[in-house]
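# Chains, contacts and geometry: an overview
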Amino acid sequence: MPAACDSVLEDIEDIVSAEDLKPHDRQFVRKNIFPKVRKRNSQKNIQTDDDPPSDSIIPGVQKIWIRTWGCSHNNSDGEYMAGQLAAYGYKITDNSAEADLWLLNSCTVKNPAEDHFRNSIKKAQEGKKKVVVAGCVPQAQPRQDYLKGLSIIGVQQIDRVVEVVEETIKGHSVRLLGQKKDNGKRLGGARLDLPKIRKNPLIEIISINTGCLNACTYCKTKHARGDLASYPIEELVDRAKQSFQEGVCEIWLTSEDTGAYGRDIGTDLPTLLWKLVEAIPEGAMLRLGMTNPPYILEHLEEMAKILNHPRVYAFLHIPVQSASDIVLMDMKREYCVADFKQVVDFLKEKVPGITIATDIICGFPGETDEDFQETMKLVEQYRFPSLFINQFYPRPGTPAAKMHQVPAAVKKQRTKDLSQLFHSYNPYDHKVGERQRVLVTEESFDSNYYVAHNPFYEQVLVPKDPLLMGKMVEVNIYEAGKHFMKGQPVSDAKVYTASITRPLAKGEVSGLTEEFRHAPQNGTNWKAHPSAKSPVKAALQSWMALQLPWQQEGGGLKILSVSLALLAVLVVFYYGGMKTEL
């Protein structure tokens, strides 16, 4: 029986018969073909080259609204995430309604903060917004019902915010909750040299470490931030120097416990501070963040010397939480009231005029009336000028949530009583008439004044003269309130300009190279610089690099794969409304 094919097909070219049109003939016939133009009935769908459709899924062109709750550490994380997104091309907007995606950076310290966070998620979903959540709440409890289906950025994964946002915009859910490690050792977090957008271009917030060494029974933050992990001194000093080169005149050092800094890497807080002081230019200031009593006790002598330095604010935030040793023991605070008093008394003696701020929790489980009265006596004794009063809220998953709770009415009354005591004295009345040196860094909430701080980090309101912003000036104090003083600049006094260079504009991205700094942040910034590659060109080079072996072997299929890849890239950019250049 004859075979199905009597002749062997030697080559694919044999499929073309002799009667088929030759290429030249095909070109000739095409002259008689006239394309039919489809008419548009509406102009609604016309888009400009630089404004892709609103439902486009091309990453890097959407508008993003960022909301941050909580401490300065959390605010620093929010600034870093904003900077990376803006550097990639996303537009950071202050208008939540016009945003395509909401990035919600949460705080887990108290119930009200989480309630605001939860309500914001609901509002975003009702408005059909894409949502990415970050901060301590999802890190500590990622399986909560109201977080189902949402993308999550862990507190140590903020350097991957662009990836998470990009995938979320495409309709995917991404969760990055891992820890940064180097050879098995936990790191402080994402790199410090990442791009960021400072909320205030004059103030740089530097997280010197994450986590802590304590296990306080009421604290939910520990579940999110974990154990102590410190950044190396050289990285922190480099970040400070970079900040001053970008016009910053005030640095805040922050963490869950600055006093514990360095214990995991063989150093300590005073060693870091002395290195940082060397990098601070004249007219600039450094503010130290919160430290718990146990760890600052070991360094009181050195800390007193540092807090007396003219470029370091004589200010320290030392939370006491309660003046009852029994309550402190239930809290597992690892110090007694006598330890707290020793720290405060020593610093007040060695650093004249120092401002001591503290925190107090009212109504912790098991707190008796006698315990609370001890706290009232402590406040009466020291008359703290800055006092953070917190009504106790049981946080889910903490040991304190399982303890016998103080009735809500009692907690509320104690909070009210302590607040009344705090407002019964005015800490600044005796300073009226003084001449003080202040650093002007921001605008007041009511927009009527500029806000400055004297060497003790006490708030001084000065006239809204644009020439004063970012400057260190001398003022005469003519009025005092509960939380502030008012000062009039002295006309003949010397003015210090701390900035090494012009401060960045509000919203400008910090930490970018010169190449990116001159490019517009609109998603197509590759066009703005002659040395920058277009997306198509970059894609071409990447694919060619991957497909180099086709030059040596398997030529046909490899060439085809490169061609198809290039075609796909061209189609995406063409239909996405992006004008491409090869």
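Right, let's walk through the structure included here. A quick note: this is a predicted structure, and the numbers were derived from the prediction, not measured. (Residues numbered from 1 in each chain as written. Predicted model: local features only at pLDDT ≥ 70, side-chain atom pairs only at ≥ 80, totals over all residues. Heavy atoms only, no water.)

## Examining the environment of D371
Inspection of the secondary structure puts D371 in helix α13 (residues 369-382). Measuring from C-alpha to C-alpha, the distance between D371 and V327 comes to 7.4 Å, with 44 residues separating the pair along the chain. Setting aside its immediate chain neighbours within four residues, D371 contacts S324, V327 and G366. Within the structure, the side chain of D371 is placed 2.9 Å from the side chain of S324, a separation counted as a polar contact. (Helix = DSSP H or I, 4+ residues; strand = E, 2+ residues; numbered from the N terminus. Contact = heavy atoms within 4.5 Å. Polar contact = N/O pair within 3.5 Å; in protein donor to acceptor, adjacent residues only side chain to side chain.)

## Brief notes about the nonpolar core
L85, L103, I153, V165, L253, L269 and L347 are the most contacted members of the largest nonpolar core, which totals 107 residues. Apart from residues lying up to four places away in sequence, L85 is in contact with I64, I66, Y90, I92, L103, V161, V162 and V165. Membership of the second largest hydrophobic core comes to 17 residues, among which are W65, C107, A113 and V131. (Core = buried A, V, L, I, M, F, W, Y, C linked by side-chain atoms within 4.5 Å. Buried < 20%, exposed > 50% of the residue type's maximum accessible area, 1.4 Å probe, protein only.)

## As for the sheet that holds strand β15 (residues 355-362)
The 3 strands are arranged β14-β15-β16 in an open sheet whose pairing can be described as parallel. Among the strands making up the open sheet, the edge pair consists of β14 (315-317) and β16 (386-391). If you compare each strand with its neighbour and ignore which way they point, the axes differ by 15° on average. For β15 and β16, the ladder comprises 6 bridges, and the chain directions are parallel. Counterpart to A357 in the pairing with β16 is S386. Here helix α14 (residues 408-422) sits on the sheet and contacts β15 and β16; the angle it forms with β16, its principal contact strand, is near 170°. (Pairing = 2+ DSSP bridges. Axes fitted to C-alpha atoms, helices over the stretch in contact; angles between N-to-C directions.)

## A look at the packing of α13 against α14
The interhelical angle for the contact between α13 and α14, taken along N-to-C directions, is 15°, at an axis separation of 10 Å. Compared by their axis directions, α13 and α14 come out roughly parallel. Here α13 and α14 pass one another in a crossing that is right-handed. Listed contacts from α14 to D369, F372, M376, V379 and E380 of α13 are R414, D417, L418 and L421. Looking at the contact of α13 with α14 residue by residue, the class counts come to 5 nonpolar, no polar and 4 charged. (Parallel < 35°, antiparallel > 145°, perpendicular 65-115°, else oblique. Left-handed = near helix turned anticlockwise from the far one by under 90°. Nonpolar A, V, L, I, M, F, W, Y, C, P; charged D, E, K, R; others polar.)

## Some remarks on the pairing of strand β19 (residues 459-462)
Consecutive side chains of a regular strand alternate in pointing toward one face of the sheet and then the other. Relative to β19, strand β18 (residues 450-453) is paired through 4 bridges, and the arrangement is antiparallel. Looking across to β19, one finds that Y450 is bridged to V462. If you look at the hairpin formed by β18 and β19, you'll find 5 residues sitting between the two strands, and Y457 has a positive phi there, around 60°. As paired strands, β19 and strand β21 (residues 485-489) are joined by 2 bridges and run parallel to one another. The residue bridging V460 from the neighbouring strand is M485, located in β21.

## Side note on helix α2 (residues 72-88)
The end-to-end C-alpha separation of α2 is 24 Å, in line with the 24 Å expected for 17 residues at 1.5 Å each. Once α2 finishes, G89 follows within two positions and takes phi at roughly 130°, a positive value. (Expected span 1.5 Å × (residues − 1).)

## Digging into α13
Residues three or four positions apart in an α-helix share a direction because the helix packs 3.6 residues into each turn. Between its terminal C-alpha atoms α13 stretches 20 Å, which fits the 20 Å expected from 14 residues at 1.5 Å a residue. Taken as a whole, α13 has its buried residues at D371, F372, T375, M376, L378, V379 and Y382. Projected down its long axis, α13 carries its buried residues within an arc of 155°, all on one side. Exposed and facing more than 90 degrees away from the buried side of α13 are D369, E370 and K377. Against α11 (325-331), α12 (337-350), β15, β16 and α14 lie the buried residues of α13. (Arc of directions from axis to C-beta.)

## Some details on the packing of aromatic side chains
Taken as a whole, this structure holds 11 aromatic pairs when the rule is applied. Between the aromatic rings of F117 and Y146, the centroid separation amounts to 6.2 Å while the plane-to-plane angle is 70°, which identifies the pairing as edge-to-face. Here the residue F117 occupies a position in helix α3 (residues 111-126), and Y146 occupies one in the loop between α4 (136-140) and β5 (151-153), the gap between them amounting to 29 residues. Both residues of the pair, F117 and Y146, belong to the buried class. Centroid distance Y382 to F384: 5.7 Å. Interplanar angle 20°. Geometry classified as stacked. The exposure class of Y382 is buried, given its relative accessible area of 10%. You can call F384 buried: its relative accessible area is 1%. Linked through ring pairs, W69, F117 and Y146 together constitute an aromatic cluster. (Phe/Tyr/Trp six-rings, centres within 6.5 Å; stacked < 30°, edge-to-face > 60°.)

## What about the pairing of strand β17 (residues 435-443)?
Across 5 bridges, β17 lies against strand β20 (residues 471-480) in antiparallel orientation. Considered in β20, the bridge of V438 is made with V473. Hairpin connection from β17 to β18: 6 residues lie between these consecutive antiparallel strands, with S447 at a positive phi of about 65°.

## Quick word on the pattern of salt bridges
A full pass over the atoms with the stated rule returns 28 salt bridges. Linked through salt bridges whose partners overlap, the residues forming this network are E79, K196, R198, E204, R239 and E246. (Salt bridge = Lys/Arg side-chain N within 4 Å of Asp/Glu carboxyl O.)

## Description of the state of the cysteines
Tallied over the entire structure, the rule returns 0 disulfides. As a non-bridged cysteine, C107 has C71 as the owner of its nearest cysteine sulfur, 6.3 Å distant. (Disulfide = S-S within 2.5 Å.)

## Here we look at the sheet that holds strand β13 (residues 285-288)
Here we have 3 strands laid out as an open sheet, ordered β9-β12-β13, and parallel in their pairing. Each edge of the sheet is formed by a strand with only one pairing partner; in this case those strands are β9 (203-207) and β13. Each strand of the sheet is rotated relative to its neighbour by a mean of 20°, with strand direction disregarded. Strand direction decides the pairing type here: strand β12 (residues 250-254) and β13, joined by 4 bridges, are parallel. Bridge assignment links E250 to a residue of β13, and that residue is M285. Docked against the sheet, α2 engages β9 and β12, running at close to 105° with respect to β9. Packing of helix α7 (residues 233-245) onto the sheet brings it into contact with β9 and β12, and relative to β9 it is tilted by some 170°.

## Notes on unusual backbone geometry
Even without glycine at this site, K128 takes up a positive phi of about 60°. Phi at R383 takes a positive value of approximately 45°, unusual for a residue other than glycine. The exposure class assigned to R383 is partly exposed, which follows from its relative accessible area of 39%.

Spatial relationships are all this shows, so hold off on functional conclusions.
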